[in-house]
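# What the coordinates show
Residue-level listing of the chains:
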Amino acid sequence: MTLLSAGVSAGFSLAGLLGPGRYDSFARSAASRSVALLLTVLIAIGIRSRMAIAFLVIAMTLVQAFDGVIGALAHDPSKTYGPFAFAVLNALTVGWLLREQTNEPGNR
C-alpha cells in the first residue's frame, strides 16, 4: 500500500515537472522529496525491515493527509478524496504491520 502511495505521489509530482511547473522551484522540491520517499520505500522493502517500513508508512500517511488538506483548501475534490483515501489505507496498513510485529514469537 505504501509503495503504491509513494509511487502515486512521485508520479504526480514528476508529471507536474513535465508541465508548466517545470520552472517552479517548489514543484522541483516536491518532486525531489517524493522521489526520495519512493526510493526509500523500495529500499526498506528490499532489505525487509519492518520497522523502516512502518516509519515510512507513517510518513506517507502524513504526506497524503496533508495533500488532502491542500486539496480541500483548493476546493478540488480530485486532490482531496484520493489523498485522504490513501492516508486512511496507509494508517490501516501501519496498524496491521505493527500488530503483526507484536504477534511474532519473541516480540512479547
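Computed from a predicted structure; not experimentally measured.

### Remarks on the overall build of the protein chain
Check the secondary structure of the protein chain and you find four helices and zero strands. Ordered by position from the N terminus, the helices and strands of the protein chain form the series α-α-α-α. Carbon together with sulfur atoms contributes 71% to the accessible area of the protein chain, which is approximately 7,000 Å² in total. The positive charge centre, built from 8 side chains, and the negative charge centre, built from 5, are 5 Å apart in the protein chain.

### Observations regarding the side chain of Asn90
Among the secondary structure elements, Asn90 is positioned in helix H4 (residues 81-103). Contact partners of Asn90, with chain neighbours within four places excluded, come to Met1, Thr2, Ser5, Val57, Met60, Thr61 and Gln64.

### Looking at the packing of helix H3 (residues 50-73) against H4
Relative orientation of the contacting elements H3 and H4 amounts to 160 degrees, with a least axis distance of 8 Å. The orientation of H3 with respect to H4, classified from their angle, is roughly antiparallel. For the pair H3 and H4, the crossing hand works out as left-handed. Across the contact of H3 with H4, the residue classes tally to 16 nonpolar, six polar and three charged.

### Some points on the confidence of the model for the protein chain
Mean pLDDT over the protein chain: 89, with 95% of residues reaching 70 or higher. Within the protein chain, H3 carries the highest mean pLDDT (93), whereas helix H1 (residues 2-18) carries the lowest (87).

### Concerning the nonpolar core
Core analysis: the biggest nonpolar cluster contains seven residues, these being Ala6, Ala10, Leu38, Val41, Ala44, Leu56 and Met60. Of all the secondary structure elements, the ones that give two or more residues to this core are H1, helix H2 (25-47) and H3. Looking at this core element by element, the count peaks at three residues for H2. Not counting residues within four places of it along the chain, the set of residues in contact with Val41 comprises Thr2, Leu3, Ala6 and Leu56.

### A word on unusual backbone geometry
At Arg48, a residue that is not glycine, the phi angle is positive and equals roughly 60 degrees. In this fold, Arg48 is placed in the loop between H2 and H3. The residue His75 is not glycine, and still its phi comes out positive at about 55 degrees. The residue His75 is located in the loop between H3 and H4 in this model.

The rules behind the values
- Residues numbered from 1 in each chain as written.
- Predicted model: local features only at pLDDT ≥ 70, side-chain atom pairs only at ≥ 80, totals over all residues.
- Heavy atoms only, no water.
- Helix = DSSP H or I, 4+ residues; strand = E, 2+ residues; numbered from the N terminus.
- Areas by Shrake-Rupley, 256 points an atom, 1.4 Å probe, with all protein chains shown as cover.
- Lys, Arg positive; Asp, Glu negative; His and termini not counted.
- Charge placed at Lys NZ, Arg CZ, Asp CG, Glu CD.
- Contact = heavy atoms within 4.5 Å.
- Axes fitted to C-alpha atoms, helices over the stretch in contact; angles between N-to-C directions.
- Parallel < 35°, antiparallel > 145°, perpendicular 65-115°, else oblique.
- Left-handed = near helix turned anticlockwise from the far one by under 90°.
- Nonpolar A, V, L, I, M, F, W, Y, C, P; charged D, E, K, R; others polar.
- pLDDT = per-residue confidence, 0-100.
- Core = buried A, V, L, I, M, F, W, Y, C linked by side-chain atoms within 4.5 Å.
- Buried < 20%, exposed > 50% of the residue type's maximum accessible area, 1.4 Å probe, protein only.

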